[in-house]
Structure formats: C-alpha cells, structure tokens
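If you want the building blocks of each chain, they are given just below.
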Amino acid sequence: MSPAAVTVDRLEKTLGKNKALRGISFEAKSGEIFGLLGPNGAGKTTTLRIVCTLLAPDSGSVQVLGFDTRTAPEEVRRRVGVVTAEIGVYARLSARENIAYFAELSGVLDGELDRRVDAVIDRLDMGSFAKQRAESLSSGQKQKVAIARAIVHDPEILMFDEPTSNLDVLASREIRDFMGESRGRGKCVIFSTHVLHDAERLCDRVTILHEGSVVATGTTAEVRGSHRDLEDAFLELVG
Amino acid sequence: MNALGIVFRKELREILRDRRTLIAIGLAALATPAVLIVISQVSAKTATQTYTIGYSGDIPTGLDILLSATGLKLERVADPAAAAKQQVDLGAAFQPTEIDEYYDPTRQSAQIADTRLQTVLGEYNAAKAAAALREKGVDPAVLTPLPVKVHPLSSPVRAAGNAFLSFFLPYILITMVLTGGLSAALDASAGERERKTMEALLLTPAPRSRILLGKILAVSTISLVSAVAAIGSMLLALSQIPLLGTRVSLSPLAAAVMVWLAILLAGSFSSLTLALGTLAKNFRQGQAYSTPLYFITIFPASIILFIPDFNPNLAYYVIPILNAVLVLRDAIVQNSVAWPALGVTTASLVATGLICWFAALRLFTRETLLIRS
C-alpha cells in the first residue's frame, strides 16, 4: 500500500455563521482516484480549498506529501494542481500564453518553459487553438486551458472540483479520461463531485460528506455495500 | 524572472491589448490640445469682437471716434435702459452734464462692454481735464501729483502664461494619473474575480505580495504613460498655439518636478485603486467604488484656481495631492523648488503609497476574497 499523499485530520472550518466542516478526516494516496462526494453544501469545496492552502482551517491539520498547509503553504501549492468548474481564463492572452503564465508563476524555469508548455499542449491535444486568444475559445477548449495551467508544473497531486458541471458530454468524457490517465502516471487524483454515477465509474476509494461531516469512507465497493449503486447507498446514509 | 516581473509583464501585455485603456490614453492625448485650441480661439474672438452701445442724447465731440476705435459700436435707441436688457450689450443716456449707463452684469458681453466704456471715458475725461487746465495756463501734471512708473521684474505676458500652467498642469497631471490607470487597475483586481481567474492565480506558489506588487507596477506604468501623453501633447499644443498673447512653455526644472510627482502619485493611486478593485466583485462595482476619487483629487487642484496666492506653511504639504499641486505650482510660477516642501511632499506621498499598498495586500490575502466570489 502506497503512503498517503494527502492526510486530512479532524478538520474544522466555519465560514461566516455556517459551520462548513465538523472534524472531517481522510487520506488520499498516490496512484489512485479518491472521490470526495456529497450534495451541494456538504463541504467538498471548502475541504479542497483548505488542502490547497486557499483557506486556513480553524482546527485540525492537512499534510500534503509531508508538508503542513499552515507552515509550508508555498511548498504545498508547488505540489498541487487544481481544476475547478470555473474555467476563467485571461481573455486577451492566447491559450499558450495563459498556460505559460501559470507555468512561470509555478516556478518552471525559463529554459524548461517552452518544452513544458509544448508538452502539455500536445498531451491535451490543444495544438489547433493554442495560439488563439482565449476570448474566442469554446467552453471545452477553455476547460482544457484550465487543466493545462493546473498540470503544467507536473504536480504530484491533482484536484478536480466539479470539473464537468459546465461541460458537454464530449468534454466531460475527456476530463474523465484525463483523470484515469493521471492515475496511471502515479498521481494522486482527488475528484470532488455531487454526481455519484461519475464517481462510481472512476474512483478507487471515496469519502462521502454530508453537512460538514464524513458519513462513509472506504473503497467504492465497500461504501456501495449491498446497494444497487452509490446513490442508493448515499440516500440511506443521509436518511 | 521572479513573480513580480512575471506578473508585471503579463499585466502590461493584457493592458496593451485592451481597447478601453488604449482609447482612454489616446483620447486624453487628443482632448487636451483640442480644449486649448478652443480656449485660444474663444479668447482671440473675445478680444477682437465688437459690442453695441444703445444710446440716446448727444454724444460729446470726439468721444464717438474713441468708442469706435475700442470696438464699441453706437446705435441710437429710444430707451437705453430697456434696450440694455436684450437688444444691445449696454445702454447709455448722454445728458449735458453726465452719462447714465445701463447694463446687465449677468451678461458677459455687457461686462466686457462696460469695461471698455469705462476705460474710454476715463481717458476722455482725463484728456478734457488736461485741455481745460492748459487753457487756463495750469500744468496738467497737477492732476497726477504722485505719478507711478511701473518696472515689471518679469514679463507680465510670461507671468500670465505661468499662472495658466500652474492651474492647468496640476489638474491634468492628477486627473490623468488617476484615470489613465483606473481601467487597468480594476481589470487587474475586480476583473480577476469577475472572469474567475483569481483562485487559479492564488493557487500558484508565487508570494501574494509580489503578485500584487507586479500589478501595481504595471498599473503605475500605464498611469505614467497616460499622464505623459496628455501633458506632452498639451505642451506641444501650447508651443504652437498662442494663448494669452504668448506661446507658453514649461521650464526644465518644472518638468523634472512634474515627472517626480507623477511617479509618486502613480504609485499611490495604483495601490489605492487596486485595493478598491479588490473589494469589488466585478468591474462595474469597482467603478462605483472609485467614483469618489474623482472629487477627492479634483478638489485640491481647484484650490489653485480659487485662491491663486495660497501660500500655506509646511504642515499643509503633508496633505496628499494638495502637496503635489502646491509644489508643482511653485515650480512653474517661481521656476524654483522649495526643498523642504518637496521633501515633506515626497515623504507624505511615499507614506500614502505604502499605506495603500498595505491595505491592498491585506484585502488581497483575505479569505473572504474567495468566499465572496
């Protein structure tokens, strides 16, 4: 069994008057797709934002490849790539310029920059629109730019937060394929979604959140148990 | 290249591809000469324009020639008081021993006609009195027992030009430094949230202070370019268009002071507008937050217009923007720099810039920045 790439321990967070997380714990490992599941408002996005250091926990801790998110946030961000449903890009820059900007900010050195950017453009099959300004790209193409900028520094951990919620069937399929490919490369892939059917097809292990608490965790088969699918299991768990 | 340079280069590239900003800079460069051309033509027209006096009674011999030579046209009317309300610029009823003058001070043409008439009548009365004294064998010099000989220490025309510059230049400088970079500042702050790129940006390992500093430098650069374009085109226009009877120019010292102040103001304004933009959820909200800045910045420049001889003590130079206006005015009018005033002004504007930068950084690193978006 590979060691945990991400360890979340008794995490608590209050946003305004809302207690978003109530002491959740889980581990995600390299070479697996880990599903963080639950309905809207369960605390999935807040958890991911704490893992990638955008938010600080009220209590509890997060370790990313041995780095604590509180004491070494820049080291954590260097090792994490995040893809969200928000596919905002710099409209007046080309797709390639968008990717290169994030590569530079992520510490990719000048000598490596072109090679890394070209490699990620090839990998995501973006050659046909790489030089186009982002304002003229389709949603699917923008999503590819968003993925490319998240992986251009070759992070060990990839987090996908509802990545397919604004995409059509074809673009969603490409994202799922990409997650599977990343698992094959030994990456730790954390997939946050409220679409349980997607999770069931992709994830090796899952944690289900409900109102800021973990209600189930284990392999996909363990959590499904004797139910027809994850959705039925979830409905019984949250009653 | 470190994060500061990377962000600076990217922001500049985006700004230079933004039509809004480029149009604003271009318009500023064109608008100032256009305004000066209009002012020049209006003032030239006013100086040569003929005004009409509606009169009744008999005009003393010779006075009509003097009036015509001063651009005052005479037109006989039945009732000068009634005619002065609309029909003519000024009414005059010539009596054997006095003149009754009627004019409406709310009309600018009436004011100018009145000034001209008073000047002509003053000279006419003096000439008549002198002739009467001479007839009686008295030297007319008795009428001016203490004559004054005026010796201007500098060209009055040049002084008028400097007075014009001392108001107009600080006004243009402050307005352009503020507005030239405003669109870019809002785009780099509120725009990041609106187009949903803020989260991706903050996810990079680059220190947020350097990201912010890169944005401030890019916005400051555009502000400076806008101010230099507007002032450069204005000075070019002034060197070609005669205004106030002269071609106005800026001394090298005043130009150096102006550039120094522009750099300081650009740094402060960029930090301030980025802070306001960071507070806003979108570009439009950022514009609403920034609107009061126009009033705050224009007010100090207006002081010079209303109180041209405003010479405060050193403590006043602590007040940001007002201090820049005063230092630049002194450099233009006196062609010299009061170093203590410039020192206090520099310290004040640097401190203002640092406070604004610190506020912007605090806002830029708040969790609510992400939660609200």
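In this text the structure is predicted, and so the values were computed from the model without any measurement.

Undergrad: Explain the overall build of chain A to me, please; I cannot follow it from the model alone.
TA: On a plain count of helices and strands, chain A comes out with 9 helices and 10 strands. Taken over C-alpha atoms, the radius of gyration comes to 18 Å for chain A, in line with the 18 Å a tight globule of 239 residues would show. Put simply, chain A has 239 residues, and 54% of those count as buried. Contacts spanning at least 24 positions in sequence make up 66% of the contacts within chain A whose residues lie at least 6 apart.

Undergrad: Mind showing me how you'd approach the nonpolar core here?
TA: Nonpolar side chains tend to gather and get buried jointly when the protein is soluble and globular. One finds A:Val6 and A:Met159 to be the most contacted residues of the largest nonpolar core, which totals 61 residues. Here the element with the most residues in this core is helix 9 (residues 208-240) of chain B; it accounts for 6 residues. Discounting residues that sit within four places of it in the chain, A:Met159 has contacts with A:Leu48, A:Val51, A:Cys52, A:Val80, A:Gly81, A:Val82, A:Val83 and A:Ile190. Counting 48 residues, the second-largest nonpolar core is a separate cluster that includes B:Phe164, B:Ala254, B:Ala301 and B:Leu322.

Undergrad: Honestly, the interface of chain B and chain A in this entry has me stumped. Any pointers?
TA: For interface size, the figure often reported is the accessible area lost on association. Counting from both sides, the interface comprises 29 residues of chain B and, opposite them, 30 residues of chain A. Buried area between chain B and chain A, both sides added, is near 2900 Å², and the carbon and sulfur share of it is 57%. Area buried by chain B at its contact with chain A is led by B:Arg17, B:Leu203 and B:Pro205, which between them contribute 25% of it. Counting across the chain B and chain A interface gives 5 salt bridges. The partner of A:Glu97 in a salt bridge is B:Arg13, and the shortest N-O contact between them spans 3.7 Å. Linking chain B to chain A there are 8 residue pairs in polar contact (both at pLDDT 80 or more). Within the residue set of the side of chain B that touches chain A, elements represented by two or more residues are helix 1 (3-16), helix 8 (198-202) and helix 14 (368-371) of chain B. Per-element accounting of the side of chain B that touches chain A gives the leading share, 7 residues, to helix 1 of chain B.

Undergrad: Hey, could you run me through the environment of A:Thr193 in this one?
TA: All names here are of chain A. Topologically, Thr193 is positioned in strand 8 (residues 188-193). Spatially, the C-alpha atoms of Thr193 and Ser61 are 23 Å apart, while their sequence positions differ by 132 residues. Contacts of Thr193, omitting those with residues within four sequence positions, involve Leu36, Leu37, Gly38, Lys44, Glu162 and Ala199. Separated by 2.9 Å, the side chain of Thr193 and the backbone nitrogen of Val195 make a polar contact.

Undergrad: Would you explain the sheet that holds strand 5 (residues 67-68) of chain A in this entry?
TA: Strand pairing in a sheet relies on backbone hydrogen bonds, with the paired strands running either antiparallel or parallel. Residue and element names in this part refer to chain A. Strand order in the open sheet made by the 4 strands is 2-1-4-5, with antiparallel pairing throughout. Lying at the two open borders of the sheet, with one neighbouring strand each, are strand 2 (18-29) and strand 5. As paired elements, strand 4 (residues 59-64) and strand 5 share 2 bridges and run antiparallel to each other. Directly across from Gln63, in strand 5, lies its bridge partner Asp68.

Undergrad: Quick question: what am I supposed to make of the packing of aromatic side chains here?
TA: Per the counting criterion, the structure on display carries 6 aromatic pairs over all chains. With centroids separated by 5.0 Å and ring planes inclined at 20°, the aromatic side chains of A:Phe26 and A:Phe34 adopt a geometry described as stacked. When sorted by exposure, A:Phe26 lands in the same class as A:Phe34, which is buried. Ring geometry for B:Tyr55 versus B:Phe94: centroids 6.2 Å apart, planes at 75°, classification edge-to-face. Residue B:Tyr55 is found in strand 1 (residues 51-57), and its partner B:Phe94 is found in strand 3 (residues 90-94); the two are separated by 39 residues along the sequence. The two residues B:Tyr55 and B:Phe94 agree in class, both being buried.

Undergrad: Would you mind showing me how to read the layout of surface pockets here?
TA: For the largest pocket, the calculated volume is near 700 Å³. Sorting the residues of the lining of the largest pocket by element identifies strand 2, helix 1 (44-51), strand 6 (80-84) and helix 5 (139-151) of chain A together with helix 7 (190-194), helix 8 and helix 14 of chain B as the ones contributing at least two each. Among the residues making up the lining of the largest pocket, the classes are represented as 14 nonpolar, 11 polar and 13 charged.

Undergrad: What's the story with the pattern of salt bridges in this structure? I'm lost.
TA: A side chain with one charge may pair with a side chain of the opposite charge, provided their charged atoms come close. Within the structure shown, the criterion is met by 34 salt bridges over all chains. Across the pair A:Asp177 and A:Arg173 runs a salt bridge, and its minimum N-O distance is 3.9 Å. Of this pair, A:Asp177 and A:Arg173 both sit in helix 6 (residues 169-184), 4 residues apart, which is roughly one turn of the helix. When the shortest N-O distance is used, the salt bridge between A:Arg201 and A:Asp198 registers 3.0 Å. Here A:Asp198 and A:Arg201 lie together in helix 7 (residues 196-202), a separation of 3 residues that amounts to about one turn. Each member of the salt-bridge network shares a partner with another, and the members are A:Arg92, B:Lys10, B:Glu11, B:Glu14, B:Asp187, B:Glu192, B:Arg195 and B:Lys215.

Undergrad: Please explain the packing of helix 12 (residues 322-333) of chain B against helix 13 (residues 339-364) of chain B as it appears in this structure.
TA: Packed helix pairs are characterised by how far apart their axes lie and by the angle those axes make with each other. Residue and element names in this part refer to chain B. The interhelical angle for the contact between helix 12 and helix 13, taken along N-to-C directions, is 150°, at an axis separation of 9 Å. Relative to helix 13, the element helix 12 lies roughly antiparallel. For the pair helix 12 and helix 13, the crossing hand works out as left-handed. Residue-level inspection shows Asn323, Ala324 and Val327 of helix 12 in contact with helix 13, the latter providing Ala341, Leu342, Thr345, Ser348 and Leu349. Looking at the contact of helix 12 with helix 13 residue by residue, the class counts come to 5 nonpolar, 3 polar and no charged.

Undergrad: Looking at this structure, I do not really get the sheet that holds strand 1 of chain B. What am I missing?
TA: Residue and element names in this part refer to chain B. Taken in spatial order, the 4 strands line up as 2-1-3-4 in an open sheet, and their pairing is mixed. In this open sheet, the two edge strands, each paired with only one partner strand, are strand 2 (72-76) and strand 4 (99-102). For this sheet the average axis-to-axis angle between neighbouring strands, irrespective of direction, equals 25°. One ladder, built from 5 bridges, connects strand 1 with strand 2; its direction is parallel. Considered in strand 2, the bridge of Gly54 is made with Glu75. This element, helix 5 (residues 108-135), spans strand 1, strand 2, strand 3 and strand 4 of the sheet and lies at about 60° to strand 1.

Undergrad: Explain the packing of helix 9 of chain B against helix 13 of chain B here, please?
TA: All names here are of chain B. Where helix 9 contacts helix 13, the two axes come as close as 10 Å, and the packing angle between them is 125°. It follows that helix 9 is oblique to helix 13 by the angle criterion. Between helix 9 and helix 13 lies a crossing whose hand is right-handed. Within the contact between the two elements, helix 9 uses Arg208, Ser209, Ile211, Leu212, Leu213, Lys215 and Ile216 and helix 13 uses Trp357, Ala360, Leu361 and Phe364.

So, how was this worked out
- Residue positions are counted from 1 within each chain, in the order its sequence is given.
- Chains carry letters from A onward and ligands carry numbers from 1 onward, assigned in written order.
- Given that the model is predicted, a residue must reach a pLDDT of at least 70 before its local features are reported, and side-chain atom pairs must reach 80 or more before they are shown or counted; all residues, however, enter totals for whole chains, interfaces and linings.
- To obtain the side-chain values, all non-hydrogen atoms of the structure were used and water was disregarded.
- Runs of H or I in DSSP of at least four residues are treated as helices and runs of E of at least two as strands, each being numbered from the N terminus.
- C-alpha atoms define the radius of gyration in this analysis, and the globule rule sets the expected value at 2.2 Å times the number of residues to the power 0.38.
- Only protein chains enter the accessibility calculation, which uses a 1.4 Å probe. A residue is then buried if its area is under 20% of the maximum for its type, exposed if over 50%, and partly exposed in between.
- Whether two residues are in contact is decided by their heavy atoms, any of which lying within 4.5 Å being enough.
- In plain words, nonpolar cores are sets of buried Ala, Val, Leu, Ile, Met, Phe, Trp, Tyr and Cys residues tied together by side-chain atoms within 4.5 Å.
- As used here, buried area is the combined drop in accessible area, with a 1.4 Å probe, of two parts when they are placed together.
- Each salt bridge in this description consists of a side-chain nitrogen of Lys or Arg and a carboxyl oxygen of Asp or Glu lying within 4 Å of one another.
- Here a polar contact is recorded for every N or O atom pair within 3.5 Å, except that within protein the pair must consist of a potential hydrogen donor and a potential acceptor, and residues adjacent in sequence are included only if both atoms are side-chain atoms.
- Paired strands, as defined in this entry, are two strands with at least two bridges between them according to DSSP.
- Aromatic pairing here means that ring centres of Phe, Tyr or Trp (its six-membered ring) are within 6.5 Å. Orientation follows from the plane angle: under 30 degrees is stacked, over 60 is edge-to-face, and everything else is tilted.
- Only protein atoms enter the 1 Å grid used here. Points where a 1.4 Å probe fits but cannot escape make up a cavity, open sets with protein on both sides within 12 Å along at least five of seven lines make up a pocket, and a residue lines them when an atom lies within 4 Å of a point.
- Grid points are joined across faces, edges and corners, and a volume is the space filled by probe spheres set on the points.
- Each residue receives one of three labels: charged for Asp, Glu, Lys and Arg, nonpolar for Ala, Val, Leu, Ile, Met, Phe, Trp, Tyr, Cys and Pro, and polar for the others, Gly being one of them.
- Lines fitted to C-alpha atoms define the axes here, with helix axes fitted over just the stretch in contact, and angles between the N-to-C directions of these axes take values from 0 to 180 degrees.
- Note on terminology: angles under 35 degrees are roughly parallel, angles over 145 are roughly antiparallel, angles of 65 to 115 are roughly perpendicular, and the others are oblique.
- When the near helix sits turned anticlockwise from the far one by under a right angle, the crossing is termed left-handed; a clockwise turn instead gives a right-handed crossing.

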